[in-house]
Amino acid sequence: MQPHDLVIGQYYSEQAGRVRFTREQASRFAKQEANDFNPLHDLDGKRFCVPGDLLFAVLLDNYGVSQHMTFTFSGMVSEDVELILPEPSAQMHIQDAGGREYLRVSRSGQTSRDASLIRNLTQSYVAFSGQTFPHILVPLLAEQHVMIHPERPMVIYESMSIDLDRLDIAQPRLQGDSNQLALNGKRGSVDLAFNLVDGGEIVGRGRKHMLVSGLRDYDEDTVTSAIAIYNNSKQAFVRQ
């Protein structure tokens with residue numbers, strides 16, 4: 001796929017502060033923008049959910065970039081969920097009309113509504129996040145002799161934080177810093193730390209936290225097969 005500027009408005013609909021996603025919008029964002037071929041985002045997925053990176057992108061699109069931001073995911077958004085965007089504040093709870101919470105956002109410091117910064121930060125984060133599987137997660141799990149269940153992979157995006165030293169930046173790029181995995185039986189807690197770099201200078205730091213479940217003993221042939229299936233899905237999408 002050729003690089004292109006991200007136009008986030010094509011991946012959701014908003015009316016009077018209420019946001020909705022179709023399966024097609026969410027799945028296309030996952031595959032085309034985030035390079036994410038998790039079965040949870042397949043059009044025909046039985047447990048379909050909207051990618052966390054798309055929720056992050058929509059919130060930046062509507063509220064701008066703050067120096068310090070934390071996003072905590074508390075529910076999976078399906079295509080029949082309508083999210084209500086609250087008035088901007090330091091602490092925001094993203095809920096549906098029934099009051100069920102799906103996401104909490106904490107913000108502090110200065111805020112920029114510069115469209116170029118919002119687009120560049122969103123695109124850079126989404127590109128970085130899309131490297132999680134298999135490039136980061138598979139070797140990280142292999143170090144502790146475990147792997148994701150190949151038939152029922154469960155990788156849940158729990159939270160993400162970004163801390164920027166300043167906002168007068170143009171094209172922040174994410175660079176991996178360190179990755180950590182803590183195991184608890186068949187479950188694992190994954191922390192991916194990264195730096196934000198602009199013009200060769202570190203201008204911020206961040207962390208992505210995920211939960212993995214259904215872990216199994218590592219088997220090289222199974223992992224190789226799972227990666228091949230994943231890559232075949234990518235190639236099939238590119239050929240469309």
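Residues numbered from 1 in each chain as written. Predicted model: local features only at pLDDT ≥ 70, side-chain atom pairs only at ≥ 80, totals over all residues. Heavy atoms only, no water.

Caption draft 1: How the structure looks around the nonpolar core. Among the nonpolar cores identified, the biggest contains 48 residues, and Phe21, Leu54, Val65, Phe71, Leu83 and Ile162 are the most heavily contacted of them. Those elements giving two or more residues to this core turn out to be helix 1 (23-33), helix 2 (52-63), strand 3 (65-73), strand 5 (91-96), strand 6 (101-112), helix 3 (115-129), strand 8 (154-164) and strand 10 (187-198). Considering each element in turn, this core owes the most residues, 8 residues, to helix 2. Excluding its chain neighbours within four sequence positions, the residues that come into contact with Val65 are Leu60, Gln110, Thr111, Ser112, Leu117, Ile118, Leu121, Leu164 and Leu167. Counting residues in each nonpolar core, the second largest holds 13 residues, with Leu137, Ile148, Leu181 and Val190 among its members. (Core = buried A, V, L, I, M, F, W, Y, C linked by side-chain atoms within 4.5 Å. Buried < 20%, exposed > 50% of the residue type's maximum accessible area, 1.4 Å probe, protein only. Helix = DSSP H or I, 4+ residues; strand = E, 2+ residues; numbered from the N terminus. Contact = heavy atoms within 4.5 Å.)

Caption draft 2: Here's a closer look at the side chain of Glu33. With respect to the secondary-structure elements, Glu33 resides in helix 1. Buried within the structure, Glu33 lacks any salt-bridge partner; Arg28 is the closest side chain of opposite charge, at an N-O distance of 6.3 Å. Side chain to side chain, Glu33 and Tyr11 meet in a polar contact 2.7 Å long. (Lys, Arg positive; Asp, Glu negative; His and termini not counted. Salt bridge = Lys/Arg side-chain N within 4 Å of Asp/Glu carboxyl O. Polar contact = N/O pair within 3.5 Å; in protein donor to acceptor, adjacent residues only side chain to side chain.)

Caption draft 3: Expanded view of the packing of aromatic side chains. Scanning the model with the defined rule gives 10 aromatic pairs in all. Summarising the aromatic geometry, the rings of Phe37 and Phe237 are spaced 5.9 Å apart at their centres and angled 70° between planes, so their arrangement reads as edge-to-face. Highlighted residues: Phe37 in the loop between helix 1 and helix 2 and Phe237 in helix 5 (residues 220-238), separated in sequence by 200 residues. Relative to Tyr230, the ring of Phe133 lies with its centre 4.9 Å away and its plane at 75°, an arrangement referred to as edge-to-face. Of the two residues, Phe133 is situated in helix 4 (residues 132-142) and Tyr230 in helix 5; the sequence distance between them amounts to 97 residues. Through pairs of rings, three or more aromatic residues link up here, namely Phe56, Phe71, Tyr125, Phe128 and Phe194. Residue placement shows Lys208 over the ring face of Tyr157; its charged tip is 4.6 Å from the ring centre. (Phe/Tyr/Trp six-rings, centres within 6.5 Å; stacked < 30°, edge-to-face > 60°. Lys NZ or Arg CZ within 6 Å of the ring centre and 35° of its normal.)

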